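Chain and residue survey
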Amino acid sequence: MDRTARGIAEMFGSSCETLVHDMGDPKHPILSIYNGHVSGRCVGSTMDILGTAKELDSQALTTDFVNLYATTPAGQQIKSSTFHLIQEGEGGYNLALGINFDYTSLVYANRILVDLMNAQADLQSAMWQGGDSRLSDIFDECLATVGKPVSTLTKADRLKIIALLDQKNAFSFRKSVPFVSKRLQVSRYTVYKYLGELAGGEPVPDVSN
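As a starting point, this report considers the structure included with it. (Residues numbered from 1 in each chain as written. Predicted model: local features only at pLDDT ≥ 70, side-chain atom pairs only at ≥ 80, totals over all residues. Heavy atoms only, no water.)

Considering the overall build of the protein
Scanning the protein from terminus to terminus reveals 7 helices and 5 strands. Counted from the first residue to the last, the protein has its helices and strands arranged as α-β-β-β-β-β-α-α-α-α-α-α. By the burial criterion, 37% of the 209 residues in the protein qualify as buried. Nonlocal contacts in the protein, meaning residues at least 24 apart in sequence, comprise 46% of its contacts between residues at least 6 apart. Surface summary for the protein: the accessible area is close to 12900 Å², and the carbon and sulfur share equals 54%. (Helix = DSSP H or I, 4+ residues; strand = E, 2+ residues; numbered from the N terminus. Buried < 20%, exposed > 50% of the residue type's maximum accessible area, 1.4 Å probe, protein only. Contact = heavy atoms within 4.5 Å. Areas by Shrake-Rupley, 256 points an atom, 1.4 Å probe, with all protein chains shown as cover.)

Re the side chain of serine 81
You can see serine 81 is positioned in strand β4 (residues 77–87). On the basis of relative accessibility, which here comes to 12%, the residue serine 81 falls in the buried class. Within polar-contact distance, the side chain of serine 81 engages the backbone nitrogen of asparagine 67 at 2.7 Å. Beyond its immediate chain neighbours, meaning those up to four positions away, serine 81 contacts Phe65, Val66, Asn67, Leu97, Gly98 and Ile99. (Polar contact = N/O pair within 3.5 Å; in protein donor to acceptor, adjacent residues only side chain to side chain.)

Concerning a nonpolar patch on the surface
Taken together, Ile112, Leu113, Val114, Leu116 and Met117 make up a surface patch of nonpolar side chains, about 560 Å² in accessible area. Structurally, the position occupied by leucine 116 is in helix α2 (residues 104–117). (Patch = residues over 30% accessible without salt bridge, like charges linked within 9 Å, V, L, I, M, F, W, Y side chains within 5 Å. Salt bridge = Lys/Arg side-chain N within 4 Å of Asp/Glu carboxyl O.)

Section: the packing of aromatic side chains
Counting across every chain of the model gives 1 aromatic pair. Residues phenylalanine 139 and phenylalanine 179 carry aromatic rings whose centres are separated by 6.5 Å and whose planes lie at 85° to one another, so their mutual orientation is edge-to-face. Highlighted residues: phenylalanine 139 in helix α4 (residues 133–146) and phenylalanine 179 in helix α6 (residues 176–184), separated in sequence by 40 residues. Classification of phenylalanine 139 by relative accessible area gives buried; the value is 1%. (Phe/Tyr/Trp six-rings, centres within 6.5 Å; stacked < 30°, edge-to-face > 60°.)

Remarks on the side chain of histidine 84
The residue histidine 84 is located in strand β4 in this model. Of the polar contacts made by the side chain of histidine 84, one reaches the side chain of asparagine 94; its length is 3.4 Å. The residues touching histidine 84, leaving out its near neighbours within four places in the chain, are Met23, Ala60, Leu61, Thr62, Thr63, Asp64, Asn94, Leu95 and Ala96.

Brief notes about α6
Of the positions making up α6, those classed as buried are Ser176, Val177, Phe179, Val180, Ser181 and Leu184. Where the residues of α6 are buried, they touch α4, α5 (155–167) and α7 (188–199). Positive phi appears at glutamine 185, one or two residues downstream of α6, with a value of about 60°.

What about the pattern of salt bridges?
For the coordinates displayed, the defined rule picks out 7 salt bridges. Note that glutamate 141 is salt-bridged to lysine 168, the shortest N-O span being 3.8 Å. In this pair, glutamate 141 is assigned in helix α4 and lysine 168 in the loop between α5 and α6, connecting sequence segments 27 residues apart. The class of glutamate 141 is partly exposed, set by a relative accessible area of 39%. Since its relative accessible area comes to 39%, lysine 168 is described here as partly exposed. Through salt bridges with shared partners, a single ionic network connects Lys155, Lys193 and Glu197.

Focus on the nonpolar core
Within the largest apolar cluster, 26 residues are counted, with the highest numbers of intra-cluster contacts made by Ile161, Ile162, Leu165 and Val180. Listing elements by their share of this core, those giving two or more residues are α4, α5, α6 and α7. Setting aside residues up to four positions removed in sequence, isoleucine 162 forms contacts with Phe171, Val180, Leu184, Val191, Tyr194, Leu195 and Leu198. Formed by 7 residues, the second largest nonpolar core is a distinct cluster that contains Ala5, Val20, Leu97 and Ile99. (Core = buried A, V, L, I, M, F, W, Y, C linked by side-chain atoms within 4.5 Å.)

In structure tokens form, the structure reads like this:
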């Protein structure tokens with residue numbers, strides 16, 4: 001048990017406290033401990049990870065506890081597990097391997113990461129809140145490329161305009177589909193249908209002449 005405790009402490013570093021309790025003693029003293037600075041305990045201590053020296057009930061003396069949350073008297077946040085090794089009968093014993101991982105620093109690091117990743121709004125929406133002028137300009141450019149008034153556009157013309165709009169990232173703007181459908185005098189469904197056809201690899205007709 002001592003070798004196991006030492007190996008786990010070495011493997012997971014100074015934030016991982018490991019220890020062996022003598023659970024056959026009502027005070028369950030610590031027989032060996034590594035990285036005891038996590039809880040401030042040493043060999044012979046009868047304090048538990050919570051900073052108390054209460055006697056455990058009979059079930060707790062023999063039950064494994066895996067991956068439970070605890071807070072030390074100093075305020076560290078701990079993940080704690082306890083595993084028993086029991087030999088009954090004459091010359092028997094009840095030993096417990098305790099593993100306490102202090103993840104307090106990870107909590108602080110996570111808060112910093114959350115703050116770093118936090119943003120008030122996406123840039124595109126913020127830039128677009130001024131109105132429809134930019135999208136309108138893009139649409140007019142694409143319509144001019146076709147060279148026809150909207151009322152005379154064929155399906156091939158509209159597909160060409162949708163393709164040009166997509167190339168200029170017009171559909172990344174907020175409410176772009178309602179805007180385009182209104183300017184093209186078609187339904188929103190039709191705009192989505194045209195986008196689907198283009199995404200499916202349908203060739204864009206040449207309407208430059």
